[in-house]
Amino acid sequence: MWRARRAAEACKVCQSLVNARYAVRGPLPLLRLHLISRSLHHLRPLPARPRRPHLPVSCQPFSSLSHLPLRRWKLSPAKPGYQPRRHFWPARLAARLLRLRYLLLGSAVGGGYTAKKTFDQWKDMVPDLSDYKWIVPDFVWQLDEYIDFGHTLVSEVVGASDPLLLLGTSGETAFRATDASESDRQFKKGLLGELIILQQQIREHEEEARRAAGRYNAGYSQQKRQVSDKEKVEQLQEELLRTQLKYQRILERLEKENKELRKLVLQKDDKGIHHRHLKKSLIDMYSEVLDVLSDYDASYNTQDHLPRVVVVGDQSAGKTSVLEMIAQARIFPRGSGEMMTRSPVKVTLSEGPHHVALFKDSSREFDLTKEEDLAALRREIELRMRKNVKEGCTVSPETISLNVRGPGLQRMVLVDLPGVINTVTSGMAPDTKETIFSISKAYMQNPNAIILCIQDGSVDAERSIVTDLVSQMDPHGRRTIFVLTKVDLAEKNVASPSRIQQIIEGKLFPMKALGYFAVVTGKGNSSESIEAIRDYEEEFFQNSKLLKTSMLKAHQVTTRNLSLAVSDCFWKMVRESVEQQADSFKATRFNLETEWKNNFPRLRELDRNELFEKAKNEILDEVISLSQVTPKHWEEILQQMLWERVSTHVIENIYLPAAQTMNSGTFNTTVDIKLKQWTDKQLPAKAVEVAWETLQEEFSRFMTEPKGKEHDDIFDKLKQAVKEESVKRHKWNDFAEDSLRVIQHNALEDRSITDKQQWDAAIFFMEEALRGRLRDTEAVLENMVGPDWKKRWMNWMGRTQEQSIHNETKNELEKMLKCNEEHPAYLASDEITTVRKNLESRGVEVDPCLIKDTWHQVYRRHFLKTALSHCNLCRRGFYYYQRHFVDSELECNDVVLFWRIQRMLSITANTLRQQLTNTEVRRLEKNVKEVLEDFAEDSEMKVKLLTGKRVQLAEDLKKVREIQEKLDAFIDALHQEK
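Residues numbered from 1 in each chain as written. Predicted model: local features only at pLDDT ≥ 70, side-chain atom pairs only at ≥ 80, totals over all residues. Heavy atoms only, no water.

What counts, and what does not: UniProt positions are given in the numbering used here, feature names are shortened, and annotations may be inferred rather than shown by experiment.
As recorded in an unreviewed UniProt entry, the protein chain goes by the name Dynamin-like GTPase OPA1, mitochondrial, listed as coming from Vombatus ursinus. Note on the protein chain: under the UniProt heading Catalytic activity (unreviewed entry), the record states "GTP + H2O = GDP + phosphate + H(+)". In the Subunit (unreviewed entry) part of its UniProt record, the protein chain is described as follows: "Oligomeric complex consisting of membrane-bound and soluble forms of OPA1. Interacts with RCC1L; RCC1L acts as a guanine nucleotide exchange factor (GEF) for OPA1 by exchanging bound GDP for free GTP. Interacts with CHCHD3 and IMMT; these interactions occur preferentially with soluble OPA1 forms. Interacts with PRELID1."

Here it is, written out as structure tokens:
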């Protein structure tokens, strides 16, 4: 029974095999079945001469099973009436041919193993492109779910060593791939025993194949012994170099093709195939964290341990050129041997659809594919460097932040530092060398900073300074990458090429490094493009003896390999250290928040910018308050201040000289002339000056006036600075004086007093002016002659000798005035002599100048007392004034003069008030806004004006919170990318 079942299964297997291979439908004749199935399992009698039917295929059906070695089956006795037909000649023929097949199988197995090993070596040489998987659109990965390109390609190579694959043909391979059919499952189940036997036979004949291959290799080696070992090495090296260059070209071609794909993705074209919302890239987020840290801690404190790639090297060693090759653009200013990098430049490289560059504090984008934009960018960097350098210095620690985006750029953050120098030359500050060392050490002492040590290969290695500095900061070389530049010049100039090999292998310098690279940064021509430099570099290393003689390895050359290695090292360091730094900032934030709650529990945490905005609003409110001052208040203040400013000139230069005249006509003429001169030359400018001072005083009063409990003294310095700067910038309207001159001249020309009220007001104004002047004169006299007898007796005070002389002189002059009360204002020379002789007769020696000074004050007091008594007489003189003092001995022309002055003051105050409220207050408000805007943009000014523990604590708390939030967002994005 089991034989019958076995025969039935074999028939099904054979039939399914042929049907699957040749797409033949329906039952097949017995002769088309497998030899084993036909000879052993089919119990029906066969025709005497079976004919081979014609198949509707172009080739003869064939299967590897037709060549399988025969298995010795234990045949069951045949039934009666059945005569099995024995065909021994096919078995004998298969046995003879089987030996040749085993030899072929052994060679195929060995060749498959060698092919698999070669494929694994090539696979290790190809760089890992898994980081660029996000660039490929989503539909490609959807296609990959249905078509496994990678598995198919690998299975074609690796699967060549599979014994079952080598046993079959291409048709059988296709047959094995269709695992979904029912016949395939039956085939695997039915032929399991045959496959096990095949594997045993293959293992038996593998030894024979190896022995045959050994004999063949021995004969081949005897034929090749004529070739020298040197030629073998050269051939192998050339073959290896060609293979490496081949895969380098393949990699370049793939990168070039991917650039276009990246552009499509990053541009988010509406007609494109991928509509994914792109978030901010990882490197941009990380660069923002570093920018905030740079603002928070300008001195680069050691608590900032976030990774950076620090580019250090001797001056003119090629640091900037290496950085430009990594950025793929000539972005830095260049000079022939002179120092060009005067301050650190932080360059953030990221991917983007266009090759552009922009500064952190500017919105302008520089197109790096255009030469004019490149030149403008180099000029801007040079200007910023010179601006950062303070007077008397050569370099500056202030960092310039630059972002460079472009397709195919490796994502990283690099900091280009000033070149290390050995000697300070003329034109440099004396401390330039020490400053460069301190800046370099400040960046390199960060335990997570990657040090990119640049060494000039065209000069003697013993002249290097930077290697000693780097070995001090990183003695174990755990975060240092050594780069040897100008290798083309080194190969020409160095007598022993092995010296370059010693440098690259890290045996010449005492410093240690993670990796060693050799690069070429051009022929020394500043006008060379990046493409030309890259082509020259590849051509040089392709023909270089250093690479052909294995002094340099292929992965240690070209800036492309360098940028890949630096980027990998940078991101590895970031992933290892960023979470630890985030935890440290969380602790710092907790400490700052606790300190704020303990010191300022009822105040909001306003940083410097927020405090400035609050002060700005208060100042603008106070400026607006100027427009709410009543016109009456303005006019009273203006009139009072103007009279205080011009009263001395009116009394001393106009009233007193006119009062010395003999009649009213001469008085009025003198007054008119002096008023005209005063109006034309001094009065308008003096009025404008008084108005401007009044505006300043009112503005200052509003600014400094305490606001009660709401007053915050932290704004006092800022308000004072705004007031001073606004006043300095404000300039009164130039046409104001011309209009004032006309108005004042017309006011002073009017002599008509219309009513008694105006007359009385003029007399009151005159009396007040004269009384005030009299009090001032008496104070001067008292200071001149000393205290009187009452004060001396009450306060136990005495007179000095000079005061006693003035007192004697005053008494003598008062006697003279009593004798002649209408004495003129000046003493005659004989009168001075008389007074001096009278004093000398009493033993008092006086000087004529002392007599004149004393007389001036004595006569002024006498004149003012006389004028005040005259005012009392003129109170009833309005009637005579209306009659023009006809037939009257009373003349009150001085009252008319003071009325004219009073009316001029009133009209001038009204005019100035109109100018203030209509024009000048608005202009002052505009100036205040401009000053506040300028202060808002000037961070140094804000730091200077808003100071104190409260401000600094709030500022630190804000920065730490911002840093922590950005770090958390960056860490989340980093985890998502993983």
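Some points on the overall build of the protein chain
The cut-off we apply is this: Under the scheme used here, helices are H or I runs from DSSP no shorter than 4 residues and strands are E runs no shorter than 2 residues, and both carry numbers assigned from the N terminus. Only protein chains enter the calculation, and the probe is 1.4 Å; a residue is then buried if its accessible area is under 20% of its type maximum, exposed if over 50%, and partly exposed in between. We call two residues in contact whenever any of their non-hydrogen atoms come within 4.5 Å of each other.
Within the protein chain, the secondary structure is distributed over 35 helices and nine strands. Taking all 978 residues of the protein chain together, the buried fraction comes to 42%. Within the protein chain, residue pairs in contact and separated by at least 24 positions form 78% of the contacts whose partners lie at least 6 positions apart.

Quick look at the pairing of strand β6 (residues 412-416)
Under the convention used in this document: Any two strands with at least two DSSP bridges between them are considered paired.
Most of β6 is tucked away: five of the five residues are buried. Taking every second residue as pointing to the same face, both faces of β6 are buried, with Met-412, Leu-414 and Asp-416 on one and Val-413 and Val-415 on the other. Bridge count between strand β1 (residues 309-313) and β6: three bridges; the pairing is parallel. Across the sheet, residue Val-309 finds its bridge partner in β6, namely Leu-414.

Focus: the packing of helix α21 (residues 608-626) against helix α24 (residues 683-704)
Two packed helices can be described by the angle between their axes and the distance between those axes. Keep this limit in mind: Convention adopted: a line fitted to C-alpha atoms gives each axis, helices being fitted over their contacting stretch, and angles between N-to-C directions are expressed from 0 to 180 degrees. An angle below 35 degrees is read as roughly parallel, one above 145 as roughly antiparallel, one from 65 to 115 as roughly perpendicular, and any other as oblique. Two helices crossing with the near one rotated counterclockwise from the far one by less than a right angle form a left-handed crossing, whereas a clockwise rotation gives a right-handed crossing.
One can describe the packing of α21 onto α24 by two numbers: an axis separation of 9 Å at closest approach and a directional angle of 135°. For the element pair α21 / α24, the angle class is oblique. The interaxial crossing formed by α21 with α24 has right-handed handedness. Within the contact between the two elements, α21 uses Ile-619, Glu-622, Val-623, Ser-625 and Leu-626 and α24 uses Leu-695, Glu-698, Phe-699, Phe-702 and Met-703.

Topic: the nonpolar core
Selection criterion: Take the buried residues of types Ala, Val, Leu, Ile, Met, Phe, Trp, Tyr and Cys, join any two whose side-chain atoms come within 4.5 Å, and each joined set is a nonpolar core.
One finds Trp-643, Tyr-655, Trp-678, Trp-759, Ile-901 and Val-928 to be the most contacted residues of the largest nonpolar core, which totals 101 residues. At 17 residues, helix α33 (residues 893-937) tops the list of elements feeding residues into this core. Beyond its immediate stretch of four places on either side in the chain, Trp-643 contacts Val-650, Phe-765, Ala-769, Phe-898, Ile-901 and Leu-905.

Section: helix α14 (residues 432-444)
Quick note on the threshold: Helices are assigned an expected span. That span is 1.5 Å times one less than the residue count.
The end-to-end C-alpha distance of α14, which contains 13 residues, comes to 18 Å, matching closely the 18 Å that a straight helix rising 1.5 Å per residue would cover. Within α14 the residues assigned to the buried category are Thr-432, Thr-435, Ile-436, Ile-439, Ser-440, Ala-442, Tyr-443 and Met-444. Considering only its buried residues, α14 is in contact with β1, β6, β7 (450-456) and α15 (466-473).

Here we look at the state of the cysteines
In protein structure, a disulfide is the covalent linkage between the sulfur atoms of two cysteines. Operational definition: Pairs of cysteine sulfur atoms within 2.5 Å are what we label disulfides.
Tallied over the full model, the rule gives one disulfide. Linked covalently through their sulfurs, Cys-874 and Cys-892 form a disulfide whose S-S length is 2.1 Å. Taking the sign of the torsion about the S-S bond as the criterion, the disulfide between Cys-874 and Cys-892, at about -105°, is left-handed. Separated by 18 residues along the polypeptide, Cys-874 in helix α31 (residues 848-874) and Cys-892 in the loop between α32 (878-882) and α33 bring together distant segments of the chain. Using a relative accessible area of 0% as the deciding quantity, one classes Cys-892 as buried.

Thoughts on the packing of aromatic side chains
The geometry of an aromatic ring pair is captured by two quantities: the separation of the ring centres and the angle between the planes. Cut-off, in case you're wondering: For Phe, Tyr and Trp, where Trp contributes only its six-membered ring, two rings pair if their centres lie within 6.5 Å, and the inter-plane angle classes them as stacked under 30 degrees, edge-to-face over 60, or tilted in between.
Considering all chains together, one arrives at 14 aromatic pairs under this definition. The interplanar angle of 70° and the centroid separation of 5.1 Å between the aromatic rings of Phe-540 and Phe-541 together place this pair among those described as edge-to-face. On the basis of relative accessible area, Phe-540 is assigned to the buried category, the value being 13%. Where Phe-765 meets Phe-898, the ring centres are 6.0 Å apart and the plane angle is 65°; that geometry is what we call edge-to-face.

Notes on the environment of Gly-665
For Gly-665, the position within the fold is in helix α23 (residues 664-681). Since its relative accessible area comes to 39%, Gly-665 is described here as partly exposed. As a C-alpha pair, Gly-665 and Asn-893 span 228 residues in sequence and 9.4 Å in three-dimensional space.

Digging into the packing of helix α27 (residues 756-785) against α31
What counts is decided by this rule: Classes in brief: Ala, Val, Leu, Ile, Met, Phe, Trp, Tyr, Cys and Pro nonpolar; Asp, Glu, Lys and Arg charged; the others, Gly included, polar.
Where α27 meets α31, the axes come as close as 9 Å, and the angle between the chain directions of the two elements is 155°. One element, α27, and the other, α31, form an angle in the roughly antiparallel class. The interaxial crossing formed by α27 with α31 has left-handed handedness. Within the contact of α27 with α31, the residues separate by chemical class into 14 nonpolar, four polar and eight charged.

Some thoughts on the environment of Gln-882
Structurally, Gln-882 is set in helix α32. Given the relative accessible area of 46%, Gln-882 is considered partly exposed. For the pair Gln-882 and Ile-753, spaced 129 residues apart in sequence, the C-alpha separation works out to 8.5 Å.

What about the confidence of the model for the protein chain?
The cut-off we apply is this: Every residue is assigned a pLDDT by the predictor, reflecting its confidence on a scale from 0 to 100.
For the protein chain, mean pLDDT is 75; residues scoring 70 or higher make up 71% of the total. In this model residues 1-85 is a low-confidence stretch, pLDDT under 50, and it forms 92 contacts with partners more than four residues away in sequence or in other chains.

Things to note about a negative patch on the surface
Note the cut-off: Residues enter a patch when their relative accessible area is above 30% and they make no salt bridge; the linking distance is 9 Å between like charges and 5 Å between nonpolar side chains (Val, Leu, Ile, Met, Phe, Trp, Tyr). We get accessible surface area from the Shrake-Rupley algorithm with a probe of 1.4 Å; when it comes to residues, only the shown protein chains can shield them. Any Lys or Arg side-chain nitrogen found within 4 Å of a carboxyl oxygen on Asp or Glu counts as a salt bridge. For the purpose of counting charges, residues Lys and Arg are taken to be positive, whereas Asp and Glu are taken to be negative. His and the chain ends are not included. Every charge is mapped onto a representative atom, which is NZ of Lys, CZ of Arg, CG of Asp or CD of Glu.
Together, Glu-398, Glu-930, Glu-933, Glu-937, Asp-938 and Glu-940 give the surface a local cluster of negative charge. For the negative patch, the element with the most residues is α33, which contributes three residues. By the secondary structure assignment, Glu-940 is in helix α34 (residues 939-945). When its relative accessible area of 62% is taken as the criterion, Glu-940 is described as exposed.

Some words on the side chain of Asp-488
Worth spelling out the cut-off: Whenever two N or O atoms come within 3.5 Å, that pair is a polar contact, provided that in protein one can donate a hydrogen and the other can accept it, and provided that, for residues adjacent in sequence, both atoms are side-chain atoms.
Mapped onto the fold, Asp-488 is located in helix α16 (residues 487-493). An unpaired buried charge is present at Asp-488: no salt bridge exists, and Lys-492, the closest side chain of opposite charge, is 5.9 Å distant. Here the side chain of Asp-488 touches Tyr-536 through a polar contact of 2.8 Å, side chain to side chain. Other than its neighbours up to four places away in sequence, Asp-488 contacts Val-520, Gly-522, Tyr-536 and Phe-540.

Comments concerning the sheet that holds β6
Pairing between the strands of a sheet comes from backbone hydrogen bonds, and it takes one of two forms, parallel or antiparallel. If you trace the nine strands from one edge of the open sheet to the other, you get β4-β3-β5-β2-β6-β1-β7-β8-β9, paired in mixed fashion. Of all strands in the sheet, those bounded by a partner on one side alone are β4 (366-367) and β9 (515-518). Pairing between β7 and strand β8 (residues 480-485): six bridges, direction parallel. From the neighbouring strand, Leu-452 faces β8, where its bridge partner is Ile-481.

What to know about unusual backbone geometry
Its identity is not glycine, yet Ser-316 carries a phi of approximately 65°, on the positive side. Locating Ser-316 in the fold gives a position in the loop between β1 and α12 (319-327). Ser-316 gets classed as partly exposed once you look at its relative accessible area, which sits at 41%. Positive phi, close to 60°, is recorded for Gln-328, a residue that is not glycine. Structurally, Gln-328 can be placed in the loop between α12 and β2 (345-350).

Topic: a nonpolar patch on the surface
On the surface, Trp-789, Trp-793 and Met-794 cluster together into a nonpolar patch covering about 480 Å² of accessible area. Within the element layout of this structure, Trp-789 appears in helix α28 (residues 789-795).

What about the pattern of salt bridges?
Pairing of side chains with opposite charge becomes possible as their charged atoms draw close. This model, assessed by the stated rule, comprises 39 salt bridges. Here Glu-622 and Lys-719 are joined by a salt bridge, their closest N and O atoms 3.3 Å apart. One end of the pair, Glu-622, is in helix α21; the other, Lys-719, is in helix α25 (residues 716-729), with 97 residues separating them in the sequence. Both residues of the pair, Glu-622 and Lys-719, belong to the buried class. Across the pair Glu-689 and Arg-645 runs a salt bridge whose closest N-O atoms are separated by 3.4 Å. You can see Glu-689 sitting in helix α24 and its partner Arg-645 sitting in helix α22 (residues 631-659), a full 44 residues away along the chain. One network of salt bridges, with partners in common, ties together Arg-589, Glu-593, Glu-605 and Arg-961.

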